[in-house]
Amino acid sequence: MATTITKPETLVGKRIRRKEDPRLITGTATYVDDIQMPGMHHACIVRSPHAAARIKGIHVKAALELPGVTAVFTGADTKDVGPVPCGASLPGLRVPHHHILAVDRVYFVGHPVAVVVATDRYIARDAADRIEVDYEVLPAVADPEKAIAAGAPAVHPEWPDNVAFHFHQEGGEVDKAFAEAEVVVKERITSQRLIPTSIETRGVVADWNTGDKSLTIYSSSQIPHLLRTLLAMMLGLPEHHTRVVVPEVGGGFGSKLNVYAEEALMGFVAMKIGKPVKWIESRRENYLCTIHGRGHVDYFELAARKDGTMVGLKLKLIQDLGAYHQLLTPAIPTLSVLMMPGLYRFKNIRADIAGVFTNCVPTDAYRGAGRPEATHGIERMVDILAAELKMDPAEIRLKNFIQPEEFPFSTGTGLIYDSGNYDLPLKKAMEIVDYKGLRKQQNDSRKQGRLMGVGISSYGEICAFGPSPATPAGGWECATVRVDPQGKVTVGTGASPHGQGEETTFAQIAADELGVDLDDVLVVHGDTAVVPYGIGTFGSRGTAVGGPALYYALQKLKEKITKFGAMLLDSESVSYSGGCCTCSKTGKSVTLGEIAGASYRAMKLPEGEAPGLEATYFWEPPNFTFPFGAHVAVTEIDRETGKVKVARYVAVDDCGRIVNPLLVDGQVHGGVAQGLGQALYEQAVYDDSGQLLSGELTDYAIPKATMMPWIESHHTETPSPVNPLGVKGVGEAGTIGCSPALVNSVVDALSPLGVRHIDMPLTPEKIWNLLQGGQQ
Amino acid sequence: MKKTIRVTVNGISRNDEVEPRLLLIHYLRERLGLTGPHIGCETSLCGACTVEIDGKAVKSCSVFAVQADGRNVLTIEGLASNGHLHPVQEAFWNEHGLQCGFCTPGMIMASKQLLERNSNPTEGEIRHGIEGNLCRCTGYQHIVNAVKAAAAKIGA
Amino acid sequence: MKISGSYQMACSPEQAYALLQDPEALARCMPGCESLDRIGENEYAMKMKMALAAFSGLFEGKVRIADTKPPQSFRLIVEGSGRVGFMKGEGLLNLSAQNGGTEVAYEGDVHVGGTIAAVGQRLLDSTAKVMIKRFFDKLGEGASARA
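In this text, all values refer to a predicted model and were calculated from it rather than measured experimentally. (Residues numbered from 1 in each chain as written. Chains lettered and ligands numbered in written order. Predicted model: local features only at pLDDT ≥ 70, side-chain atom pairs only at ≥ 80, totals over all residues. Heavy atoms only, no water.)

## Structural notes on unusual backbone geometry
Next, step 1: A cis amide bond links A:Phe465 to the next residue, A:Gly466, at an omega of -25°.
Next, step 2: Within the element layout of this structure, A:Gly466 appears in the loop between β18 (451-460) and β19 (477-483).
Next, step 3: Backbone torsion omega between C:Pro70 and C:Pro71 reads -5°, so that peptide bond is classified as cis.
Next, step 4: With respect to the helices and strands, C:Pro71 occurs in the loop between β4 (55-69) and β5 (73-82). (Helix = DSSP H or I, 4+ residues; strand = E, 2+ residues; numbered from the N terminus.)

## Here we look at the packing of helix α11 (residues 371-389) of chain A against helix α12 (residues 393-400) of chain A
All names here are of chain A.
Next, step 1: Here α11 crosses α12 at 115°, and the two axes come no closer than 9 Å. Classified by the angle between their axes, α11 and α12 sit roughly perpendicular to one another. The interaxial crossing formed by α11 with α12 has right-handed handedness. Seen from α11, the contacting residues are Glu 379, Val 382, Asp 383, Leu 385, Ala 386 and Leu 389; seen from α12, they are Pro 393, Ile 396 and Arg 397.
Next, step 2: Of the residues in the contact of α11 with α12, the class split is six nonpolar, no polar and three charged. (Axes fitted to C-alpha atoms, helices over the stretch in contact; angles between N-to-C directions. Parallel < 35°, antiparallel > 145°, perpendicular 65-115°, else oblique. Left-handed = near helix turned anticlockwise from the far one by under 90°. Contact = heavy atoms within 4.5 Å. Nonpolar A, V, L, I, M, F, W, Y, C, P; charged D, E, K, R; others polar.)

## Quick notes on the domain arrangement of chain A
Residues and elements named next belong to chain A.
Next, step 1: Here the domain parsing of chain A yields domain 1 (21-28 + 476-619), domain 2 (40-138 + 200-250 + 256-289) and domain 3 (296-466 + 623-771).
Next, step 2: Here domain 2 and domain 3 have C-alpha centroids that lie 37 Å from each other.
Next, step 3: Tallying the contact residues gives 31 residues for domain 2 and 25 residues for domain 3.
Next, step 4: Contact between domain 2 and domain 3 buries roughly 2,300 Å² in total, counting both sides, with carbon and sulfur atoms accounting for 65%.
Next, step 5: Our count for the contact surface shared by domain 2 and domain 3 stands at one salt bridge.
Next, step 6: The partner of Arg 284 in a salt bridge is Glu 696, and the shortest N-O contact between them spans 3.0 Å. (Domains from an automatic or database assignment. Buried area = accessible area lost by both parts, 1.4 Å probe. Salt bridge = Lys/Arg side-chain N within 4 Å of Asp/Glu carboxyl O.)

## As for helix α18 (residues 661-681) of chain A
Next, step 1: Taking 1.5 Å per residue, 21 residues should reach 30 Å; α18(A) reaches 29 Å between its end C-alpha atoms and fits that length.
Next, step 2: Counting buried positions over the 21 residues of α18(A) gives 20, a clear majority of the element. (Expected span 1.5 Å × (residues − 1). Buried < 20%, exposed > 50% of the residue type's maximum accessible area, 1.4 Å probe, protein only.)

## As for the interface of chain C and chain A
Next, step 1: Each side of the interface is counted separately: chain C has 14 residues, and chain A has 15 residues.
Next, step 2: Between chain C and chain A the total buried area reaches about 1,100 Å² when both faces are included, carbon and sulfur atoms providing 56% of it.
Next, step 3: Here chain C is connected to chain A by zero salt bridges.
Next, step 4: Seen at the junction of chain C and chain A, the total is two residue pairs in polar contact (both at pLDDT 80 or more).
Next, step 5: Those elements that place two or more of their residues in the side of chain C that touches chain A are β6 (85-98), β7 (101-113) and α3 (115-146) of chain C.
Next, step 6: Per-element tally for the side of chain C that touches chain A: the top contributor is α3(C), with six residues.
Next, step 7: Partitioning the side of chain C that touches chain A into residue classes produces six nonpolar, five polar and three charged. (Polar contact = N/O pair within 3.5 Å; in protein donor to acceptor, adjacent residues only side chain to side chain.)

## Observations regarding the interface of chain A and chain B
Often, the extent of an interface is quoted as the loss of accessible area on bringing the components together.
Next, step 1: Each partner contributes residues to the interface: chain A has 57 residues there, and chain B has 51 residues.
Next, step 2: The contact between chain A and chain B buries some 4,600 Å² in all, and 55% of this surface belongs to carbon and sulfur atoms.
Next, step 3: Our count for the contact surface shared by chain A and chain B stands at 29 residue pairs in polar contact (both at pLDDT 80 or more).
Next, step 4: For the side of chain A that touches chain B, the secondary-structure elements that each account for two or more residues are α1 (21-25), α4 (121-130), α9 (283-289) and α18 of chain A.
Next, step 5: A class-by-class count of the residues in the side of chain A that touches chain B yields 25 nonpolar, 17 polar and 15 charged.

## Here's the deal with the packing of helix α10 (residues 332-339) of chain A against α11(A)
Residue and element names in this part refer to chain A.
Next, step 1: It is the contact of α10 with α11, at a shortest axis distance of 7 Å, that shows an interaxial angle of 40°. Taken together, the axes of α10 and α11 are oblique relative to one another. Considering how the two elements wind past one another, α10 and α11 form a crossing that is right-handed. Judged by residue contacts, Leu 335, Ser 336 and Met 339 of α10 engage Arg 371, Glu 373, Ala 374 and Thr 375 from α11.
Next, step 2: Residues that form the contact of α10 with α11 fall into these classes: three nonpolar, two polar and two charged.

## Section: the pattern of salt bridges
Next, step 1: Taken as a whole and judged by the stated rule, the model has 62 salt bridges over all chains.
Next, step 2: Across the pair A:Asp34 and B:Arg29 runs a salt bridge, and its minimum N-O distance is 2.7 Å. You can see A:Asp34 sitting in the loop between α1 and β1 (41-47) and its partner B:Arg29 sitting in helix α1 (residues 24-31), one on each of two chains. Across this residue pair, the class does not change: A:Asp34 and B:Arg29 are buried.
Next, step 3: One salt bridge connects A:Arg482 with A:Glu614, and the closest N-O pair in it is separated by 3.3 Å. Highlighted residues: A:Arg482 in strand β19 and A:Glu614 in strand β25 (residues 614-619), separated in sequence by 132 residues.
Next, step 4: Given a relative accessible area of 33%, A:Arg482 falls into the partly exposed group.
Next, step 5: Within the structure, one salt-bridge network assembled from shared partners comprises A:Asp33, A:Asp34, A:Arg121, A:Lys278, B:Arg29 and B:Glu30.

## A closer look at the state of the cysteines
Next, step 1: The full count for this structure, using the stated rule, is zero disulfides over all chains.
Next, step 2: Its sulfur unpaired, B:Cys100 is 3.8 Å from the next cysteine sulfur, which belongs to B:Cys137. (Disulfide = S-S within 2.5 Å.)

## Some points on the environment of B:Ile5
All names here are of chain B.
Next, step 1: Its location among the elements puts Ile 5 in strand β1 (residues 3-9).
Next, step 2: Classification of Ile 5 by relative accessible area gives buried; the value is 1%.
Next, step 3: Note: C-alpha distance between Ile 5 and His 38 (33 residues apart in sequence) is 22 Å.
Next, step 4: Those residues in contact with Ile 5 that sit more than four places away from it in its chain are Arg 14, Asn 15, Asp 16, Val 18, Tyr 27, Ala 65, Val 66 and Asp 69.

## Some words on the confidence of the model for chain A
Low pLDDT means the predicted coordinates in that region are not meant to be read closely.
Next, step 1: Within chain A, residue pLDDT values average 96, and 99% of them lie at 70 or more.
Next, step 2: A low-confidence stretch, residues 1-6 of chain A (pLDDT under 50), is modelled with 16 contacts involving residues beyond four sequence positions or located in other chains. (pLDDT = per-residue confidence, 0-100.)

## Re helix α17 (residues 592-601) of chain A
Residues and elements named next belong to chain A.
Next, step 1: Every buried residue belonging to α17 is among Leu 592, Ile 595, Ala 596, Ala 598 and Ser 599, and all of these are buried. Seen from one end, α17 has its buried residues packed into an arc of 165°, which puts them on one side.
Next, step 2: The elements touched by buried residues of α17 are β19, β20 (489-493), α16 (542-569), β22 (574-577), β23 (580-583) and β24 (589-591).
Next, step 3: Ala 602 occupies a position one or two residues after α17 and carries a positive phi of about 55°. (Arc of directions from axis to C-beta.)

## Digging into the sheet that holds strand β10 (residues 214-219) of chain A
Residues and elements named next belong to chain A.
Next, step 1: Read from one edge to the other, the open sheet built from seven strands follows the order β3-β5-β1-β12-β9-β10-β11, with strand pairing classed as mixed. Two strands bound the open sheet, and with one partner strand each, they are β3 (69-74) and β11 (242-245). When strand polarity is set aside, the average angle formed by the axes of neighbouring strands in this sheet is 20°.
Next, step 2: Each of β1, β3, β5 (112-118) and β12 (277-280) touches α4; the most contacted strand, β1, lies at about 25° to it.
Next, step 3: Relative to the sheet, helix α7 (residues 224-235) contacts β10 and β11, its axis offset from that of β11 by approximately 140°. (Pairing = 2+ DSSP bridges.)

## Here's the deal with the sheet that holds strand β4 (residues 105-106) of chain A
Next, step 1: Ordered by their spatial adjacency, three strands build an open sheet running β4-β2-β6 (chain A), and the pairing between neighbours is antiparallel. Both outer strands of the open sheet, β4 and β6 (132-137) of chain A, are each paired with one neighbouring strand and no more.

## Quick notes on the side chain of A:Arg371
Residue and element names in this part refer to chain A.
Next, step 1: Among the structural elements, Arg 371 can be located in helix α11.
Next, step 2: We classify Arg 371 as buried; its relative accessible area is 1%.
Next, step 3: Among all residues touching Arg 371, those that are not within four sequence positions of it are Leu 335, Met 339, Glu 461, Ile 462, Cys 463, Phe 465, Gly 539, Glu 732 and Ile 736.

## A closer look at the domain arrangement of chain B
All names here are of chain B.
Next, step 1: You can read the domains of chain B as domain 1 (3-78) and domain 2 (87-155).
Next, step 2: Carbon and sulfur atoms make up 57% of the surface buried where domain 1 meets domain 2, a total of about 1,200 Å² over both sides.
Next, step 3: Here Glu 52 makes a salt bridge to Lys 112, at a shortest N to O gap of 2.7 Å.
Next, step 4: Between the two partners, domain 1 and domain 2, sit eight residue pairs in polar contact (both at pLDDT 80 or more).
Next, step 5: When residues of the side of domain 1 that touches domain 2 are traced back to their parent elements, those giving at least two are β3 (50-53) and β4 (56-59).
Next, step 6: Within the side of domain 1 that touches domain 2, the residues separate by chemical class into eight nonpolar, seven polar and three charged.

And the structure:
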């Protein structure tokens, strides 16, 4: 028997560099486009240049004549493949049939019309250029407010009003609150369409085994198992003959939380030609055909008393859905409604959503998914109210926060906030920036004619999606822990991390629980043939739902380990810690490796136990988690150019217990960058006829290194009672907190000019026009 | 109408017949199996495909393979030597300078170039130096830290 | 996109009008025009090479002349498509005698779609202006020769 090995310290809570990095920094990771297979073909997709048109004919002969071209398929060939699925259900939702290739009509620029398959990437592209499509161009509409105006062209002729659904939610006594209010402020606030822009575009490799009749799809996805279930359905395959492998994924941000036409299309092609086929999305296709985010026009009304106490909120929300529903399209604005009250105590809330079809690519989940829009709205409205009442924006927030003793707190939108101490991050942020000093500095600089602003956002978010009854596809997560005969540990998770670092954070959790070294734990994910069914990584759920699933699997496994330990030590008084089972009476111990070896050798088994050392746990969360925080942005406007300079950016985030502070900072930085992108730079622009004008990285401004301020990232830790790890999730926090802080700051800077609201993005041109006394 | 090129990639000399229109990035990735450099835009805007030609960082999606004829190409795969990571690689790892990792090979090559031109860059110089490489995950802050750390290591 | 402008030609309105409707002259003067074949009364099939931003491509389409009021005005309708997208344009050309020559004033609407719209929109305005100027410059040479 070995001597007891004690692990000196726990790993959870430590800044630990990532286990996934060695392959990524040496160029040896495998992304979809890195996959090569014998006989592999390449596909190129022909897409509509029109936003609305009838297809009168498709001429493919010239393409087929090109040497190296194997096949061309059009909508006529694929019309029996199941529609691209919409997983969201709402009362009365109109769901257009979404063919994987257009059948007789196209609905947005980029709509796939035909696919060319060739032996070589270049030949496929050449052949696609030879395909001629006759279109009868029809009128299109690209703006959601124009789409619901009288006389607008119908996106889907069967629904001339262009409305896919109406959704109403109400809590408390809204009319009474507004009737009794001493002040009501109103504003139209937009959250512009954004393009997620993962640096890796989408891509699919499909491999059909004609002998086994089994299909393997390699796809850059956030949801391997859901994708398998839905692809099997679309292609009419038995699910056990369908395998999805998600290799390394180069960013998703929600855009790969979906099931796309091309994924089923490549499956279809591989089955037809009996060869593997690869399709890699070009950046232009990515902008035209991968989902966009946001796309809100919101009309807010906030009612309050003169002392700044908020009493009620009304919202009319117009959601630009695009031409179709992708997986969660119609569900996204309902999340905005849930999040509307923010961190504030009032419960009188009324929201009406109109989900509107336009001749544009569908919108769907993009980092924050509905919650940045809501947070931007409420946090702008609070500032507008503060300005109206001539109150300090920090003071009005502190006055209205739900207090720590009120948790769990039932909101007017039917949620139960798990835990919070909302004063903490705001007060901490104010202290870090020296809020009082800043206001004084602002007064002084105004006297010198300078335009300096201080903006606060106190944000909350719904994370850890989520309890299954509240989600479209199950909200649980699964983990398997396997100890091999050497005593080394493999964790299989149903979460599908793609940059978040769960190969490290999950290894930290497992290493702590099992008392082994970090290097002795390997975390695997993403292959439906290797890990048990799981839901995936999105909605800040990886660690917050996948983590607890792992924790419970580890507890289950430790019970088994202890039973084997007791048997080997021939004692009932054993406990497992530090990687060993130790008898409290004799002090003798056996290591995990010895126990594992014995469990597989199985000369003898504890009563009622099976051989091997493995445990699986499916964990259903009892509630969402509700992270929160406060961001403060200090800006200065250049009067000559209208350019916004972010002088300071302080983020104080409370994501519950922190597993790895290094990675949490990384998530906050990246989140803030995307929030800042929305606030200052990014916008998907369609012209009136539905042409995407920001169709390339030249015209769509994601932040570059020089465009980012230094982010001062700090934390408070309020554990969540929802799960045993106390974690809440952090993936979306930065994005949700950022945009209102920046816009509040710029509006504050311009307030001496009478500016009360500016819609994003705050481009120099827009601000310069305001400085000249014009409209934005 | 194929052309023969002679090119040294990561120290290994090669002779290959290529179509004149074949992009260097496709030659590296598909002919040589060097899939470290990535394609993020095909228009030289994102920098994921950055490699070195004769010691200068270039975006290999906007260079034809034939233009590399007679030249020395270095990709991310050739950066570590004898199992030892290059200081820039090590610094990206230590400072959490990457998340999804897709921009990383290009970002590391650009950072290496930056440090060869300016061994002790300020934050502003670092940001300027990597401006041609887009990252959507990190907000660049940990990348800035990584480049600073690498500079300190190389200078030490 | 709206376009408008004017150009001075060194010939009479009658000559200018005739020149602007002469397929041979048009084919010669339109930048990138590879062929212009009459397919009907006042209707021509056109092949034209066009470059915009990083894209160049062959457009095939039709040119139609309508509302002819010689020698004062006519309407020009152009429609073309190619692998980088499509374009449609319609414009009214007004000719008036001025300073012994002719002023040709044009006003119209150009619409593009597909890749050229997504990528080249910002350059479209200036590209269109350059192309129109080149057209009239060349046509002007012909006019001077005739005059």
